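In case you want the letters, here they are:
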Amino acid sequence: MPTQAKAYAAFDAENPLAPFDFQRRDPGPRDVAIDILFCGVCHSDLHTARSEWGGTLYPCVPGHEIVGRVTAVGSDVTDFAVGDIAGVGCMVDSCKDCPSCDAGEEQYCEKTGFVGTYNGPDKHLGGHTFGGYADHIVVDRDFVLKVGHDEKDLAAVAPLLCAGITTYSPLKHWKVGPGQKVGIVGLGGLGHMGVKIAAAMGAEVHVFSTSPSKREDAKRLGATELIVSKDADAMAAHAGSFDFILNTVAASHDLNPFLALLKRDGTMTLVGVPEEPHPALDVGTLVFRRRALAGSLIGGIAETQEMLDFCRDHGIVSDIEMIDIQEIDGAYERMVKSDVKYRFVIDMASLKA
């Protein structure tokens, strides 16, 4: 029989999130049940709750940066046990039977598409999935991650399940490492993780930001310097010198000045999806240096586990500000203003308040 869950949900695009009770399925043979301890707040949560991308299914319970404690496992589950610390990221299912899923790249599932932790189709109970702004969750074992960080760091681990893997995956795919000059565009929830991870991979990291005030933070996080992207002379001083640029900015902006900073055969990868299209590209900037412009979407489950282990081994967690669930709408407003360093995390014990 399904079990009752408590959560905060958006009931429409305009009004604040509010308490919401709903049903989770009982764990099946392949399932893991998790009491949610902490849930990170991703900008995707805000976009979806307010239907800024369209297609939101209400009521919507956001949250896909989940860390919690296992409370039950199905009869076929052998690698998780009651009491373990586990994580759940952006997806909870896929077709498991297409070339991408077979390759461990479930985020690019070619038949059904991956099933989002929230706002995706719920094949078990019908309707749509509800995410991590809740007291517990039940997930197919194939989409549950092992968390090996010290328990005192668990709140700061939560954002790794989205912000961490969204930056780790392209850095790994494009083989970032020692001897490379790497740029991170934007120093927010994604960007600050990109700096930490790229630096841990051994690259020389530079941050591009419109905010000179973030210079000391950039260096603290592992960057060599911060380049003010509005300063044409500062940008020109680095022309043709970058091996790889990870662009984390989700707002529409001119990509051409950053492409001009790439070496021959350099790549800039986008991980932010703007509400409005970016301005037109100068194709010559690509053609005459064999530069590439690419995109990347989170990571598969195996790679997400690899990222968690990498971050554990390198002492990497997110820089966070803890909030109670009752503060979520205020947190959304601050996110819009980029007024957070660098990720809000909800203490889900506040649901009981």
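Before any of the text, the structure's been laid out above.
For the structure given in this document, a descriptive report is provided here. These figures come from a predicted structure and were not determined experimentally. (Residues numbered from 1 in each chain as written. Predicted model: local features only at pLDDT ≥ 70, side-chain atom pairs only at ≥ 80, totals over all residues. Heavy atoms only, no water.)

## As for the overall build of the protein chain
As a reminder, the rule being used: By the criteria applied, helices consist of DSSP H or I runs no shorter than four residues and strands consist of E runs no shorter than two, each listed in order from the N terminus. This radius of gyration counts C-alpha atoms alone. The globule rule is 2.2 Å times how many residues there are, raised to the power 0.38. For every residue, the accessible area obtained with a 1.4 Å probe (protein chains only) is divided by the maximum for its type, and the residue is called buried under 20%, exposed over 50%, and partly exposed between those limits. Residues are treated as being in contact if the distance between any of their heavy atoms lies within 4.5 Å. Using the Shrake-Rupley algorithm and a 1.4 Å probe, accessible areas are obtained, with residue cover drawn only from the displayed protein chains. The charged-residue count follows a simple rule in which Lys and Arg add positive charge and Asp and Glu add negative charge, with His and chain termini not counted at all. Positions of charges follow a simple convention, taking NZ of Lys, CZ of Arg, CG of Asp or CD of Glu.
Along the protein chain, the regular secondary structure elements total 11 helices and 17 strands. At 20 Å, the protein chain has a C-alpha radius of gyration in line with the 20 Å of a compact globule built from 353 residues. In terms of principal-axis extent, the alpha carbons of the protein chain reach across some 65 × 40 × 40 Å. Within the protein chain, buried positions represent 55% of all 353 residues. In the protein chain, of all internal contacts separated by at least 6 residues, the share reaching a separation of at least 24 is 67%. Total accessible area computed for the protein chain in this model is approximately 14,700 Å², and 52% of it derives from carbon and sulfur atoms. Between the averaged position of the 32 positive side-chain charges in the protein chain and that of its 49 negative side-chain charges there is a distance of 5 Å.

## A few points about the sheet that holds strand 13 (residues 242-247)
Selection rule: For two strands to be treated as a pair, DSSP must find no fewer than two bridges joining them. Axes here mean lines fitted to C-alpha atoms, for a helix over just the part in contact, with angles spanning 0 to 180 degrees between N-to-C directions.
Overall, parallel pairing links the 6 strands, which are arranged 12-11-10-13-14-15 in an open sheet. Strand pairing shows two members of the sheet lacking a second neighbour, strand 12 (225-228) and strand 15 (292-295), which therefore form its edges. Within this sheet the neighbouring strands show an average axis-to-axis angle of 25°, counted without direction. The pairing of strand 11 (residues 204-209) with strand 12 spans 4 bridges and is classified as parallel. Considered in strand 12, the bridge of Phe208 is made with Ile227. Helix 4 (residues 163-173) rests against strand 10 (181-185), strand 13 and strand 14 (262-270) of the sheet, and its axis sits at about 155° to strand 13.

## Side note on the side chain of Ser350
Here Ser350 is to be found in the segment after strand 17 (343-347). In contact with Ser350, other than residues within four places in its own chain, are Asp324, Ile325 and Gln326.

## Thoughts on the side chain of Lys181
Note the following rule: Between Lys or Arg on one side and Asp or Glu on the other, a salt bridge is scored when a side-chain nitrogen of the former is within 4 Å of a carboxyl oxygen of the latter. Here a polar contact is taken to be a pair of N or O atoms separated by no more than 3.5 Å, where protein atoms must pair a possible hydrogen donor with a possible acceptor and residues adjacent in sequence count only if both atoms sit in side chains.
By the secondary structure assignment, Lys181 is in strand 10. For Lys181, which is buried and forms no salt bridge, the nearest opposite charge comes from Glu204, at a distance of 5.0 Å. Among the polar contacts listed, one links the side chain of Lys181 to the side chain of Ser241, at a separation of 2.8 Å. When neighbours within four sequence positions are excluded, Lys181 is seen to be in contact with Glu204, His206, His238, Ser241, Phe242, Asp243 and Phe244.

## Thoughts on the pairing of strand 16 (residues 320-324)
Condition: A right-handed crossover is one whose linking path, passing over the helix from the first strand to the second, runs clockwise when the strands point away from the viewer.
For strand 16 and strand 17, the ladder comprises 5 bridges, and the chain directions are parallel. The residue of strand 17 that forms the bridge with Met322 is Val345. With respect to chirality, the unit in which strand 16 leads through helix 11 (residues 328-336) into the neighbouring parallel strand 17 is right-handed.

## With respect to the pattern of salt bridges
What the rule picks out here adds up to 25 salt bridges. Across the salt bridge formed by Arg69 and Glu151, the nearest N and O atoms sit 3.1 Å from each other. Note that Arg69 is positioned in strand 4 (residues 66-73) and Glu151 in the loop between strand 9 (145-146) and helix 3 (154-157), a separation of 82 residues in sequence. The exposure class assigned to Arg69 is partly exposed, which follows from its relative accessible area of 31%. For Glu151, a relative accessible area of 44% puts it in the partly exposed group. Residue Lys96 pairs with Asp142 through a salt bridge whose shortest N-O separation is 3.1 Å.

## Considering the packing of aromatic side chains
In plain terms, the rule: Side-chain rings of Phe, Tyr and Trp (the six-membered ring for Trp) are treated as a pair once their centres are within 6.5 Å; stacked means planes under 30 degrees apart, edge-to-face means over 60, and tilted covers the remaining angles. Only when the NZ atom of a Lys or the CZ atom of an Arg is both within 6 Å of the ring centre and within 35 degrees of the ring normal do we say a charge sits over the ring.
For the structure on display, the rule yields 8 aromatic pairs. An angle of 90° between the planes, with centres 5.6 Å apart, marks the rings of Phe11 and Phe20 as edge-to-face. The structure contains a cluster of three or more aromatic residues connected by ring pairs, namely Phe11, Phe20, Phe22 and Phe130. The ring centre of Phe242 lies 4.5 Å from the NZ or CZ of Lys181, which sits over that ring.

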